[in-house]
Amino acid sequence: MKRSVPHPSESHAQELRSLPSVSELAAALEGVSHGVAVRAAREAVEAGRDRIREGRPPGDLERDARARAKRALSSGPRPVLNATGVIVHTNLGRAPLAERAMRAVAEAGVGYSDLEYDLSGGTRGSRQDHVEELLRELTGADAALVVNNCAAAVLLATSALSAGREVVISRGQLIEIGGSFRIPEVVGQSGARLVEVGTTNRTRLDDYRGAIDADTGALLWAHPSNFRVVGFVEEVPIEELCRLGVPVIADLGSGRLAGWIPELSSEPLVTATVAAGAAVTCFSGDKLLGGPQAGIMVGSRKAIEACRSHPLARALRIDKLTLAALAATLTLYRDPALAASEIPVLRMLTANAEDLRERAQLMCDQISEAGGTARLVEAAAKVGGGALPLLELTGPACAVDPTPHALDELARRLRIGTPPLLARALDGLLLLDPRTLTDDDARRAAAAVIAALA
Ligand SMILES: *Cc1c(COP(=O)(O)O)cnc(C)c1O
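Sequence order sets the numbering: in each chain, residues are counted from 1 along the sequence as written. Since the coordinates come from a predicted model, pLDDT governs what is reported: local features require at least 70, and pairs of side-chain atoms require 80 or more to be given and counted, while whole-chain, interface and lining totals use all residues. The side-chain quantities take in all heavy atoms of the structure and omit both hydrogens and water.

### Overview of the nonpolar core
To keep it simple, the criterion reads: We call a set of buried Ala, Val, Leu, Ile, Met, Phe, Trp, Tyr and Cys residues a nonpolar core when their side-chain atoms join them within 4.5 Å. Throughout this description, buried means an accessible area under 20% of the type-specific maximum (1.4 Å probe, protein chains only), exposed means over 50%, and partly exposed covers the range between. The helix and strand labels rest on DSSP assignments: H or I over at least four residues marks a helix, E over at least two residues marks a strand, and numbering proceeds from the N terminus. Domain start and end points were adopted from an automatic or database domain assignment. Contacts were defined at the residue level, with two residues in contact if any of their heavy atoms lie within 4.5 Å.
Counting residues in hydrophobic clusters, the biggest one holds 66 residues, and the most contacted among them are Val 298, Leu 330 and Tyr 333. Take this core: its biggest share by element is 9 residues, from helix H14 (residues 320-333). When residues are assigned to domains, this core turns out to be shared by domain 2 (81-94 + 347-453) and domain 3 (99-342), each giving three or more. Apart from residues lying up to four places away in sequence, Val 298 is in contact with Leu 135, Thr 139, Ala 141, Ala 143, Ala 144, Val 270, Val 274, Ala 279, Val 280, Thr 281, Phe 283 and Ile 304. Core analysis: the second largest hydrophobic core is formed by 33 residues, Leu 155, Val 167, Met 297 and Cys 307 among them.

Below, the structure is given as structure tokens:
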């Protein structure tokens, strides 16, 4: 019997032939360099062919190629809507900065500043002066030094206090932080010898006592920020370690300066390790502190001076833009109410349920009005950034039915959209968490979902 309609593969062949060639399409992208135009054109043609093979119309290839070329030419990390509810999202740039910190960065970047100049004396100054006083005031330490990140801080402290000597650490604290920061390897790089004491789950004061001798440079106390050991466990409190007469390096990672936030109560306080007498306490600027990427070191005058004058200090030195953002963020901490309302990480951590509900509802309404299916659910967000692994921040979220797409397909469309959006999956639904979105972000997130559902 003769078929009246062509077989799908025949019609596909015809459609495929009718697509423009890569060179034709590239030539249409005027004002774009040859290499970028050809790559964008090739990708657009490939995408068009894929659509035809799936039985869909190829779409406007020139427009697609133009958009791809534009994306290739726009430089640097792109803004992303974070609807995952993970507050300190390591892959999305960790802590968003406070407005004031951003203004400080703009001022420091656009012109000259007294970065290393003492204006009253007319002499050379230190970039550290801009934050040292503040850090002393906020942590109670005698001295402070800031470097590139917390990994750098731990490397510098171990190098300065114990190169060529021994560093004693509990086997329960031989931790790995994401991005291949492993305590044994960092200590190895510092030129110190690692001496492990105790066991994975239990280490006692006598274990440390037995390991300390004339060759001991320091004791390292590392906070297991990204995991917890529960059950038959014992570690020595830092106060007791500090009484053993050997310098203690405390690696806190997350850096909780805000003692007044109950959600953070299971994280060690910077002021506590300082008060306990740690020689150097190290913590990150862009985790729970909510500032820029930085490694903050606070401690005794002698230990910090040893770090300051170590040759690695120059290699790990903090940049002026970071310093400006850090100083502005730390200044906010002088007033807890201001810090809680202006530092995004703290604001998200303490967001009240009513505000979250309103923002989640706003997204649900916007999506429903456009014909989608979305409803309010209770969900649990995470702090992220390798901090507080057990803490669940429960609150309302907007759950979207991905139909007519599979959930994976909807998520993919959202990731490659403009602006890109990242969300969570829960029981076959796409979850938009209002905690990590502003009101404005929430409207844009809903619009992105509507576009991706279409
Ligand atoms: C995160 C973390 C680090 C590394 O901090 P960065 O600022 O990412 O370099 C080191 N130690 C601990 C305990 C951490 O949690």
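### Comments concerning the packing of aromatic side chains
As a reminder of what qualifies: Pairing of aromatic rings covers Phe, Tyr and the six-membered ring of Trp, with a centre-to-centre limit of 6.5 Å; geometry is then stacked below 30 degrees between planes, edge-to-face above 60, and tilted otherwise. By the criterion adopted, a ring carries a charge over it if an Arg CZ or a Lys NZ lies within 6 Å of its centre and within 35 degrees of its normal.
Tallied over the entire structure, the rule returns 1 aromatic pair. Over the aromatic face of Phe 232 sits the side chain of Arg 202, whose NZ or CZ is 3.8 Å from the ring centroid.

### A closer look at the sheet that holds strand E16 (residues 429-432)
Short version of the rule: A pair of strands is labelled paired if DSSP reports no fewer than 2 bridges between them. Axis geometry follows a simple rule: fit a line to the C-alpha atoms, using only the stretch in contact for helices, then measure angles between N-to-C directions, giving values from 0 to 180 degrees.
Pairing within the open sheet is mixed, and its 5 strands lie in the order E1-E15-E16-E14-E13. In the strand order of this sheet, the two ends are held by strand E1 (81-83) and strand E13 (374-381), each with one partner. Strand-to-strand twist across the sheet, computed as the mean angle between neighbouring axes with direction ignored, equals 40 degrees. Note that E1 and strand E15 (residues 421-426) share 3 bridges and pair parallel. When the sheet's bridge partners are listed, Leu 81 is paired in E15 with Leu 421. Seen against the sheet, helix H19 (residues 439-453) touches E1, strand E14 (393-400), E15 and E16 and runs at an angle of roughly 90 degrees to E1.

### Remarks on the site of the ligand
Filter applied, for reference: For this description, a residue counts as near a given molecule or strand if any of its non-hydrogen atoms is within 4 Å of it. The definition of a polar contact used here is a pair of N or O atoms within 3.5 Å, where within protein one atom must be able to donate a hydrogen and the other to accept one, and adjacent residues in sequence count solely through side-chain atom pairs. Only the protein chains shown count as covering a residue, and every accessible area follows the Shrake-Rupley method with a 1.4 Å probe. When residue character is reported, Ala, Val, Leu, Ile, Met, Phe, Trp, Tyr, Cys and Pro are called nonpolar, Asp, Glu, Lys and Arg charged, and the others, Gly included, polar.
Within the structure, the ligand sits among 13 residues, and Ala 151, Ser 225, Asp 251, Ser 284 and Lys 287 are positioned closest to it. Here an oxygen atom of the ligand sits 2.5 Å away from a polar atom, N or O, in the side chain of Ser 225. One of the side-chain nitrogen or oxygen atoms of Ser 284 is found 2.7 Å away from an oxygen atom of the ligand. Coverage of the ligand by the protein amounts to 94% of the 380 Å² it exposes when considered alone. Only helix H7 (150-162) and strand E10 (248-253) provide two or more residues apiece to the shell around the ligand. A breakdown of the residues in the shell around the ligand according to their chemical character gives 5 nonpolar, 5 polar and 3 charged.

### Points about the domain arrangement of the protein chain
Selection criterion: Accessible-area loss on putting two parts together, using a 1.4 Å probe and summing over both, is the definition of buried area adopted here. A carboxyl oxygen of Asp or Glu within 4 Å of a side-chain nitrogen of Lys or Arg is what we treat as a salt bridge.
Domains assigned within the protein chain are domain 1 (10-73), domain 2 (81-94 + 347-453) and domain 3 (99-342). Across the contact, 14 residues belong to domain 2 and 17 residues belong to domain 3. Carbon and sulfur atoms make up 66% of the surface buried where domain 2 meets domain 3, a total of about 1,300 Å² over both sides. Of all residues in domain 2, the largest losses of buried area upon contact with domain 3 belong to Arg 94, Leu 349 and Leu 388, amounting jointly to 38% of the total for that side. On inspection of domain 2 and its partner domain 3, the count reaches 1 salt bridge. The salt bridge partner of Asp 286 is Arg 94, with a shortest N-O separation of 3.0 Å.

### A word on the pairing of strand E11 (residues 280-284)
Let me state the cut-off plainly: By convention a crossover is right-handed if, when the strands point away from the viewer, the path from the first strand over the helix to the second runs clockwise.
Within E11, 5 of the 5 residues are buried, leaving the element largely enclosed by the surrounding structure. Neither face of E11 is exposed, since Val 280, Cys 282 and Ser 284 on one face and Thr 281 and Phe 283 on the opposite face are all buried. Looking at chain direction, E10 and E11 are connected through 4 bridges and run parallel. Within E11, the position partnered with Asp 251 by the bridge is Cys 282. A crossover connection joins E10 to the parallel E11 through helix H11 (residues 270-276); in handedness this β-α-β unit is right-handed. Sheet analysis places E11 next to strand E12 (residues 295-299), joined by 5 bridges and oriented antiparallel. Residue pairing for E12: Cys 282 is matched across the bridge by Met 297.

### A closer look at the sheet that holds strand E5 (residues 166-170)
Strand order in the open sheet made by the 7 strands is E4-E12-E11-E10-E9-E5-E8, with mixed pairing throughout. Each edge of the sheet is formed by a strand with only one pairing partner; in this case those strands are strand E4 (143-147) and strand E8 (193-197). With direction set aside, neighbouring strand axes in the sheet form an average angle of 20 degrees. Docked against the sheet, helix H6 (residues 129-139) engages E4 and E12, running at close to 120 degrees with respect to E4.

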